[in-house]
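Architecture at a glance
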Amino acid sequence: MSTNVLVEYEALAPTVALIRQVFSAFHEYYPECEFRYIRVSCITEKEFDWCDIIISVRGFSCISQDIAVLAKKYKKLFFLVMDDDLLNLPLDYPVLPCRIESLRGILNNTDLIMTTNKLIGDKFIKIGECNHYVLFDTVIDLKDMRLVGRLDSKINILYAASKRHSVFFDTFVCPALLDANFVNKWKGKIKFTFIGVNPQTSDLREFYEVINLPMMNFDDYREYILKTGFDIGIAPIENDIFYHCKYYNKFLEYSFAGILGVYTNCKPYNDIVKDSENGFLASNSIEGWQNAIENAIYNVENGNSCLKNAQELLKEKFTKDVIAKSLYDSIPFLSSYKSPKIKSKISVFIRIKYYFFRLKEYFFFIRLYLKKEGLIKTIFRSIRHIRDVAEYNKNGI
């Protein structure tokens, strides 16, 4: 008999797409494990009774906490997938305190933590009742990997990130690009494409070609960067503990698409990037980013060697068979656990409570941005948010 696994998520996000690739690979090699995916607010007794294991992707809400409690009651295993330290959010990540309380409650009812970063695992097992975590990586489908070096005389540089990361470009990278010596060398020779991120580009446009594109869902984003082709991809982040706990997605995305990466010299990137061997590392200073970008531009032969080494690493560590085997070795009962067949009872109050929570959160952010930006900017921010979410969700899961 198969082990049935219900994967719940609150909203579509890159992590959901990536974890689905991981579990699809696992199912391909271990078909006795069956996966279904569902928004946590849509779970009914039918889906709950079907599964033996529930996996919560970034569970961070009261309804995920309630599902975790029910899982324990009905002797189902509950796993938490976490790729961010949501208990240590920066000040510019406003969040309702009840979300933090819910995550702590989830950790008290979790059987296993699945994470992409050892720092998260080490921290989270000290907080709740769960004392075990496993590390996992994402899957790279090598058949579409682009083997491309320098494309043409104009240097095409990509920066893809969420809007919150705009400040890193503005603070660390932009001053390096606007330095007089750098401008004298590269004016009119560089083209920048920004996806999702929205840095201040008015000064850049005086010297370089600039293209701004909205956030894309994962499949559209990957198709675009493969089709368009870029020479260099940059990934600046803040050198602090919150960002140290992130995953090196950009290394995988850029290397897969045949893009030479330049990354901030801190965790998680220096866990996988060896400077001038499979990418370039930059200190967060004007000189650091100038040197790293110019090394990537000037040293074409070394850059192509870096890209080749990066793609060899993808072939070695991130293929379907490697990821599936690693997950099986870490969680052998993922394909064998069977929960007792007990008819469940899920109170309608759980869903009602969650809807009131979302309403409360909606007004929390409206008040926050009205105070911070005023009425007009808040209206436009709301419109942009609705548009971006619709664009990201258009293909579903």
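Here's a quick rundown of the structure. Fair warning: this is a prediction, and the values are worked out from it, not measured in the lab.

**Digging into the pairing of strand β10 (residues 232-235)**
Here β10 shows two buried faces, one formed by Ile232 and Ile234 and the other by Gly233 and Ala235. Alignment of strand β7 (residues 155-160) against β10, held across 2 bridges, turns out to be parallel. Bridge assignment links isoleucine 157 to a residue of β10, and that residue is isoleucine 232. Pairing analysis gives 4 bridges linking β10 to strand β11 (residues 260-264), with the strands arranged parallel. When the sheet's bridge partners are listed, alanine 235 is paired in β11 with tyrosine 263.

**Focus: the pattern of salt bridges**
Under the counting rule described, the total for this entry stands at 22 salt bridges. Of the charged contacts, one joins aspartate 84 and arginine 58 as a salt bridge, the two residues approaching to 2.9 Å between their closest N and O atoms. In this pair, aspartate 84 sits in the loop between β4 (77-82) and α4 (97-107) while arginine 58 sits in the loop between β3 (53-57) and α3 (62-73), placing the two residues 26 residues apart along the sequence. Owing to a relative accessible area of 9%, aspartate 84 belongs among the buried residues under this scheme.

**Re the sheet that holds β4**
Ordered in space as β2-β1-β3-β4-β5-β6, the 6 strands form an open sheet in which the pairing is parallel. The two strands at the open ends of the sheet, each matched to only one other strand, are β2 (33-39) and β6 (133-135). Strand-to-strand twist of the sheet, defined as the mean angle between neighbouring strand axes without regard to direction, takes the value 25°. Bridge count between β4 and strand β5 (residues 112-115): 4 bridges; the pairing is parallel. Each bridged residue has a counterpart across the sheet, and for methionine 82 the counterpart in β5 is threonine 115.

Parameters and conventions
Residues numbered from 1 in each chain as written. Predicted model: local features only at pLDDT ≥ 70, side-chain atom pairs only at ≥ 80, totals over all residues. Heavy atoms only, no water. Buried < 20%, exposed > 50% of the residue type's maximum accessible area, 1.4 Å probe, protein only. Helix = DSSP H or I, 4+ residues; strand = E, 2+ residues; numbered from the N terminus. Pairing = 2+ DSSP bridges. Salt bridge = Lys/Arg side-chain N within 4 Å of Asp/Glu carboxyl O. Axes fitted to C-alpha atoms, helices over the stretch in contact; angles between N-to-C directions.

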